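Structural characterization, general
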Amino acid sequence: MRLKISLLKEPKHQELVSCVGWTTAEELYSCSDDHQIVKWNLLTSETSQIVKLPDDIYPIDLHWFPKSFGVKKQTQAESFVLTSSDGKFHLISKLGRVEKSVEAHCGAVLAGRWNYEGTALVTVGEDGQIKIWSKTGMLRSTLAQQGTPVYSVAWGPDSEKVLYTAGKQLIIKPLQPNAKVLQWKAHDGIILKVDWNSVNDLILSAGEDCKYKVWDSYGRLLYNSQPHEHPITSVAWAPDGDLFAVGSFHTLRLCDKTGVRNVLNDAVDLLEFRDRVIKASLNYAHLVVSTSLQCYVFSTKNWNTPLIFDLKEGTVSLILQAERHFLLVDGGGIYLYSYEGRFISSPKFPGMRTDILNAQTVSLSNDTIAIKDKADEKIIFLFEATTGKPLGDGKLLSHKNEILEIALDQKGLTHDRKIAFIDKNRDLYITSVKRFGKEEQIIKLGTMVHTLAWCDTCNILCGLQDTRFTVWYYPNTVYVDRDILPKTLYEKDASEFSKNPHIVSFVGNQVTIRRADGSLVHISISPYPAILHEYVGSSKWEDAVRLCRFVKEQTMWACLAAMAIANQDMTTAEIAYAAIGEIDKVQYINSIKDLPSKESKIAHILMFSGNIQEAETVLLQAGLVYQAIQININLYNWERALELAIKYKTHVDTVLAYRQKFLETFGKQETNKRYLQYAEGLQIDWDKIKAKIELEITKERERSSSGQANKTMGLKH
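The residue numbering used here restarts from 1 in each chain and proceeds along that chain's sequence as written. Thresholds applied to this predicted model are a pLDDT of at least 70 for local features of residues and 80 or more for the giving and counting of side-chain atom pairs; totals over whole chains, interfaces and linings are not thresholded and use all residues. Values shown for side chains rest on all heavy atoms present in the structure; no hydrogens or waters enter the calculation.

**Regarding the environment of K499**
Let me state the cut-off plainly: Counting from the N terminus, the helices are DSSP H or I runs at least four residues long and the strands are E runs at least two residues long. Contacts are assigned to residue pairs with any non-hydrogen atoms lying within 4.5 Å of each other.
Secondary-structure assignment places K499 in the loop between β45 (489–493) and β46 (502–507). Sequence separation of K499 and A516 is 17 residues, and the distance between their C-alpha atoms is 6.6 Å. Leaving out residues up to four positions away in the same chain, K499 has contacts with L221 and A516.

This is how it looks when you write it as structure tokens:
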């Protein structure tokens, strides 16, 4: 990325410029030792003096009051804090009026920062003190005191912790008294500047040792730069956490690059925009570009005539794309647009903060928008894409631990939509967005998973799992037959990606991974599982079997077995299970095929998948009470079997007979009070019981035949 730099013929400041601050993507305020505060407009290249400060005020640091978020309409930042060398900080309005000046430190106030909610201000100074103030400038507490000047300070993403410098050390101190303080040696020289990003939770530091470094919030080093010629005097994250800037003497560095190239014919298109480009995303045959004023939507088939529409606010921090539409996140809200530029919806929830949303905490599919809650990180909000309203009855997806990363699958029908997420223990879970009310439906897929992505063309999931790259060819297997899940996986050693790699995309059968040093690595996976998904999605079962016979891989047969059970194609399931040596399951499938009614078959398929409660419900709704009792007897759910028999006043003697036989087999005496109560004075007659069972099966078979005949007659008419 080449930085465009412009210098004015005549400088607007007469002395050193000590601090700057953005209000919008096109408006900037600067302060200088000439005591002036100047406003710059990048669109019109106009500058205007806002205020001339008193001669004894030499500015050091400037930070704008955060924009307001939530239900009320968002407002622009209207005031900023300015720290100065006379030991004061000043609260100044956007129009230049000094609202308040506060005596804060002995010696210069070296830095001041608002927390993310705008409810508190932290200042640090040459006197080594770290002080917390209210938003009106009232002292709340002196958080810490040390013998050396504190040159820089930053709030943690939750506004509950403060990061500050102490010579060569970095210190993270929580606001709560007696909470554990984290301290580590970060540089070989005095640390001059720090920044802590609220989106990715990473820390930047820069020092007189001429290096800049990236840390996680536990103080672990993620990146260490080569020594520069001069001390690094400033570092700053972009709000979305994708890029950061590094400043030194006559040097400015920005870390990332973007380009557009057609690799099929090596054609290069130079796309020029009227305004500054802020964000870009290329996916699903569309390039979406956000400038400071407008959004451009290009089709990859035609780069010459983009669709253009105006933005409400020019500070787009995130673009997410799905097959049918794309999502924009800016300082004011979340907006869903079609690729024709039509506004679709804008989901909202209480306490929504768009400044901390990123690709790991927001996910988009054709029908669903998922957003992780910041206030309670165990919760995921789910919205209908077309309306922006909460999904279903407004229930939340709630997990037992804090959630780190979420991802919706991209293909299939709405009622089959799945969401995968990683929690703070690095466990990977999957659940259906339509069934999230049932805790048991949130199922663990893997452990020690650091990053994940769904394929854009079919519902295949990949992740980096400890030292392995893992692909779940058919994650839905956990709902169908968890026993064969390991047989549906592809695993590859991932040690070549070094530590802290991140999956950037999963397009077709190619996965792109960014290593910690910024380099991109591409992995190709087998194309056959995607073809299998396509065949099954079109109910081409013969083609699916033919493909598996051609490929001759256990993973393909295992995936086909689970897919066939999920779609209740028992003939294909029998072939697939036989191919992977699951003979007991082949026998069970054979027994299902011989059952007298459709409802019984569905119930036993549900039992095969472990969904006992659903199987019982299917039978009871169909009026097959005896069959519901029998599946509980087969599973030794004796309490439930007797409960059903009593409730429906049928087959109480059948339950008692099977119970007695069970106890005799194991040489035990009856101890259950309910069974003792109903067994009192009852004679077990097995001939009579077998006759009743035969009658039930005959009735079920006749009923099924009658229903089929009526259906056939209806079709003829």
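**Looking at the pattern of salt bridges**
Opposite charge on two side chains lets them pair, provided their charged atoms get close. So the rule is basically this: What makes a salt bridge here is a side-chain nitrogen of Lys or Arg within 4 Å of a carboxyl oxygen of Asp or Glu, nothing more. Residue burial is assigned from relative accessible area. The probe radius is 1.4 Å, only protein chains are included, and a residue is buried under 20% of its type maximum, exposed over 50%, and partly exposed in between.
One pass over the full model with this rule turns up 28 salt bridges. A salt bridge links K424 to E402, with the shortest nitrogen-to-oxygen separation between them at 3.4 Å. Of this pair, K424 sits in the loop between β39 (418–423) and β40 (428–432) while E402 sits in the loop between β37 (397–398) and β38 (403–408), and the two are 22 residues apart along the sequence. For K424, a relative accessible area of 48% gives the class partly exposed. Among the salt bridges present, the one from D409 reaches R417, with a minimum N-O distance of 2.7 Å.

**Some remarks on the sheet that holds β46**
To be explicit about the condition: Two strands are counted as paired when DSSP detects at least two bridges linking them. A fitted line through C-alpha atoms represents every axis, and for helices the fit uses only the stretch in contact; the resulting angles, taken between N-to-C directions, go from 0 to 180 degrees.
Sheet architecture is open: three strands sit in the order β46-β47-β48, paired in antiparallel fashion. Only two strands of the sheet have a single partner each, and these edge strands are β46 and β48 (520–524). Across the sheet, the mean angle from the axis of one strand to that of its neighbour is 20°, orientation sign disregarded. Taken together, the five bridges between strand β47 (residues 510–514) and β48 define a ladder with antiparallel strand orientation. Paired with I513 across the bridge in β48 is V521.

**A closer look at the sheet that holds β45**
With antiparallel pairing, the four strands of this open sheet are ordered in space as β42-β43-β44-β45. At either end of the open sheet lies a strand with only one pairing partner, and these are β42 (449–454) and β45. On average, each strand axis in the sheet is tilted by 15° relative to the strand beside it, whichever way the strands run. Looking at chain direction, strand β43 (residues 461–465) and strand β44 (residues 468–472) are connected through five bridges and run antiparallel. Pairing of L464 across the sheet is with F469, part of β44.

**Structural notes on the layout of surface pockets**
Spelled out, the test is: Note on definitions: the grid is 1 Å and covers protein atoms alone; a cavity is a set of points where a 1.4 Å probe fits but cannot get out; a pocket is an open set with protein on both sides within 12 Å along at least five of seven lines; lining residues have an atom within 4 Å of a point. Grid points are joined across faces, edges and corners, and a volume is the space filled by probe spheres set on the points. Residues are sorted three ways: Asp, Glu, Lys and Arg are charged, Ala, Val, Leu, Ile, Met, Phe, Trp, Tyr, Cys and Pro are nonpolar, and all the rest, Gly among them, are polar.
There is about 1100 Å³ of room inside the second largest pocket. Only β40, α1 (477–480), α2 (528–537), α4 (554–566) and α7 (598–608) provide two or more residues apiece to the lining of the second largest pocket. The element contributing the most residues to the lining of the second largest pocket is α2, with six residues. When its residues are assigned to classes, the lining of the second largest pocket shows 17 nonpolar, 14 polar and seven charged.

**Focus: empty space enclosed by the protein**
Counted by the stated rule, this structure contains two cavities of 30 Å³ or more. Approximately 50 Å³ is the volume found for the largest cavity. Lining the largest cavity, in full, are L311, K312, E313, V316, L328, V329, D330, Y335 and Y337. Going through the elements one at a time, β31 (325–329) and β32 (334–338) are the ones with two or more residues in the lining of the largest cavity. Among the residues making up the lining of the largest cavity, the classes are represented as six nonpolar, no polar and three charged. For the second largest cavity, the full set of lining residues is F349, G351, M352, R353, I356, L357, K372, D373, K374 and A375.

**Focus: the confidence of the model for the protein chain**
Cut-off, in case you're wondering: What pLDDT conveys is the predictor's confidence in a given residue, as a value from 0 to 100.
On average, residues of the protein chain score 86 in pLDDT, and 93% of them are at 70 or above. Scored below 50 in pLDDT, residues 69–76 makes 17 contacts in the model with residues more than four places away or belonging to other chains. Below a pLDDT of 50 lies the segment residues 436–440, which in the model reaches eight contacts outside its immediate sequence neighbourhood of four places, other chains included.

**Here we look at helix α9 (residues 625–634)**
Of all ten residues that make up α9, nine are buried, and the element is covered over most of its length. Buried within α9 we find V625, Y626, Q627, A628, I629, Q630, I631, N632 and I633. Just past α9, the residue Y636 takes up positive phi, approximately 60°.

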